[in-house]
Amino acid sequence: MSLFLPKLACKKDIDEVIKGVAEKVVVLRFGRDEDSVCLQLDEILSKTAHDLSNMASIYIVDVDKAPIYTRYFDISYIPSTVFFFNGQHMKVDYGSPDHTKFVGSFKTKQDFMDLIEVIYRGAMRGKMIVQSPIDPQNIPKYDLLYHGI
């Protein structure tokens, strides 16, 4: 399903999208095309892309082609989804220790659409962090890995 979503192949492309897309949420899905969970998420993203086109631009990023961003956002698990608005990284409180990214696939299209709407509305009001509208039972649980502690 990721065939229908634009792919960013290098750091320069990612930088241009983050800085160049105005007044919309930039959604970056970090993962691999051959991963089954990434494909599940890509299906949700591609099915909602048209409905959310006024609020969001959705892109696919291969973790192997963007190692700088993969390290910067500490992408240890795939898929991981990161959000920006007008060049600013948007954080979301999912009730987990990590507010910088959503790890895993969304359970439903509606969960993703609700999240984008909350991020968009919060960003339009100048907020840099918003509260997740997703039911906590629908948020994948994982443990943060701290290296070198």
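Treat the numbers as computed from the prediction; the structure is a model and nothing was measured.

Peer 1: Quick one: what's the story with the environment of Y59, residue by residue and with numbers?
Peer 2: With respect to the secondary-structure elements, Y59 resides in strand 3 (residues 56-62). Along the chain, Y59 and I78 lie 19 residues apart, while their C-alpha atoms are 15 Å from each other. When near neighbours in sequence (up to four residues on either side) are disregarded, Y59 contacts P6, L8, V17, V21, V26, V27, L28 and R29.

Peer 1: Explain the environment of F102 to me, using residue names and the numbers behind them.
Peer 2: Positionally, F102 belongs in strand 6 (residues 102-103). Taking relative accessible area as the criterion, F102 reaches 1% and is therefore assigned buried. In the structure, F102 is positioned ten residues away from V92 in sequence and 8.2 Å away in space, judged by C-alpha atoms. Apart from residues no more than four positions distant in its own chain, F102 is found in contact with P79, S80, T81, F83, Y94, I134, I139 and P140.

Peer 1: Residue-level account of the pattern of salt bridges, with values.
Peer 2: In this structure the tally under the stated criterion is nine salt bridges. The salt bridge partner of D42 is R29, with a shortest N-O separation of 2.7 Å. With D42 in helix 2 (residues 36-49) and R29 in strand 2 (residues 25-31), this residue pair connects regions lying 13 residues apart in the sequence. Exposure remark for R29: the relative accessible area of 0% places this residue in the buried category. E117 is the partner of R121 in a salt bridge, and the nearest nitrogen-oxygen pair spans 2.9 Å. Note that R121 and E117 are positioned in helix 4 (residues 109-124) at a spacing of four residues, about one turn of the helix. When its relative accessible area of 46% is taken as the criterion, R121 is described as partly exposed. Taking relative accessible area as the criterion, E117 reaches 31% and is therefore assigned partly exposed.

Peer 1: Could you give an account of the environment of D64, with specific residues and numbers?
Peer 2: Here D64 is to be found in the loop between strand 3 and helix 3 (67-72). With 29 residues separating them along the chain, D64 and D93 place their C-alpha atoms 27 Å apart. Within the local environment of D64, its side chain forms a polar contact with the side chain of R32, the two groups lying 2.9 Å apart.

Peer 1: Please set out helix 4 residue by residue, giving values where relevant.
Peer 2: Across its 16 residues, helix 4 extends 23 Å between first and last C-alpha, which sits within 8% of the 22 Å expected from 1.5 Å per residue. Along helix 4, the residues that are buried comprise D111, F112, L115, I116, I119, Y120, G122 and A123. Just past helix 4, the residue G126 takes up positive phi, approximately 90 degrees.

Peer 1: So what's going on with the packing of aromatic side chains? Residues and values would help.
Peer 2: Under the defined criterion, the tally for this structure stands at eight aromatic pairs. An angle of 55 degrees between the planes, with centres 6.2 Å apart, marks the rings of F30 and F73 as tilted. Note that F30 is positioned in strand 2 and F73 in the loop between helix 3 and strand 4 (80-85), a separation of 43 residues in sequence. Exposure class is identical for F30 and F73. Each is buried.

Reading guide: rules and limits
- Residues numbered from 1 in each chain as written.
- Predicted model: local features only at pLDDT ≥ 70, side-chain atom pairs only at ≥ 80, totals over all residues.
- Heavy atoms only, no water.
- Helix = DSSP H or I, 4+ residues; strand = E, 2+ residues; numbered from the N terminus.
- Contact = heavy atoms within 4.5 Å.
- Buried < 20%, exposed > 50% of the residue type's maximum accessible area, 1.4 Å probe, protein only.
- Salt bridge = Lys/Arg side-chain N within 4 Å of Asp/Glu carboxyl O.
- Polar contact = N/O pair within 3.5 Å; in protein donor to acceptor, adjacent residues only side chain to side chain.
- Expected span 1.5 Å × (residues − 1).
- Phe/Tyr/Trp six-rings, centres within 6.5 Å; stacked < 30°, edge-to-face > 60°.

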